[in-house]
Amino acid sequence: QVQLVESGGGMAQAGDSLKHSCTISGIIFSISNTGWYRQAPGKQRELVADITSGGNITYLDSVNGRVAISRDNAKRTVYLHMNSLKPEDTAVYYCNTVSLRARNYWGQGTQVTVSS
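I will try to describe carefully the structure that is included in this document. What you see is a predicted model, and the numbers here were worked out from it, not measured in a lab.

### Observations concerning the sheet that holds strand E7 (residues 67-72)
Argument step 1. Pairing in this open sheet of 4 strands is antiparallel, and the strands run E1-E3-E8-E7 from one edge to the other. For this open sheet the edge positions go to strand E1 (3-8) and E7, each flanked by a neighbour on one side alone. Strand-to-strand twist in this sheet, taken as the mean axis angle between neighbours without regard to direction, amounts to 15 degrees.
Argument step 2. With 6 bridges connecting them, strand E3 (residues 18-25) and strand E8 (residues 77-82) associate as antiparallel partners. Note on E8: the bridge partner recorded for Thr23 is Thr77.

### Remarks on unusual backbone geometry
Argument step 1. Backbone geometry places Ser84, a non-glycine residue, at a positive phi of 45 degrees.
Argument step 2. Judged by its relative accessible area of 42%, Ser84 is partly exposed.
Argument step 3. Positive phi is not limited to glycine here, since Ala102 has a value of about 65 degrees.
Argument step 4. If you trace the backbone, Ala102 turns up in the loop between strand E9 (91-98) and strand E10 (104-106).
Argument step 5. We classify Ala102 as exposed; its relative accessible area is 57%.

Reading the values: rules and limits
- Residues numbered from 1 in each chain as written.
- Predicted model: local features only at pLDDT ≥ 70, side-chain atom pairs only at ≥ 80, totals over all residues.
- Heavy atoms only, no water.
- Pairing = 2+ DSSP bridges.
- Helix = DSSP H or I, 4+ residues; strand = E, 2+ residues; numbered from the N terminus.
- Axes fitted to C-alpha atoms, helices over the stretch in contact; angles between N-to-C directions.
- Buried < 20%, exposed > 50% of the residue type's maximum accessible area, 1.4 Å probe, protein only.

Shown next as structure tokens:
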């Protein structure tokens, strides 16, 4: 059974930093692609950042330069560091991984609320 357990997020002021962590079990983590998505109220879920098993990284244009994604294969954990937070970063953030059969798995979601 694949499980993604997220931690982090919370409430912040504009300009603050937050860190998310997601520990994944039930898959071969070292060969699985991982990422972070977010969904703001009334909007579609969007990719914030992803990192492949080979270390290739993609960022959403609006967060590029303020966000860093990383992974620790030994800890089976993917991280998202967010800096210089803006009110428009307010959303529920979801950890994601994709199995070798191209099935998506999601974390429980963590709320980030940024006030100005």
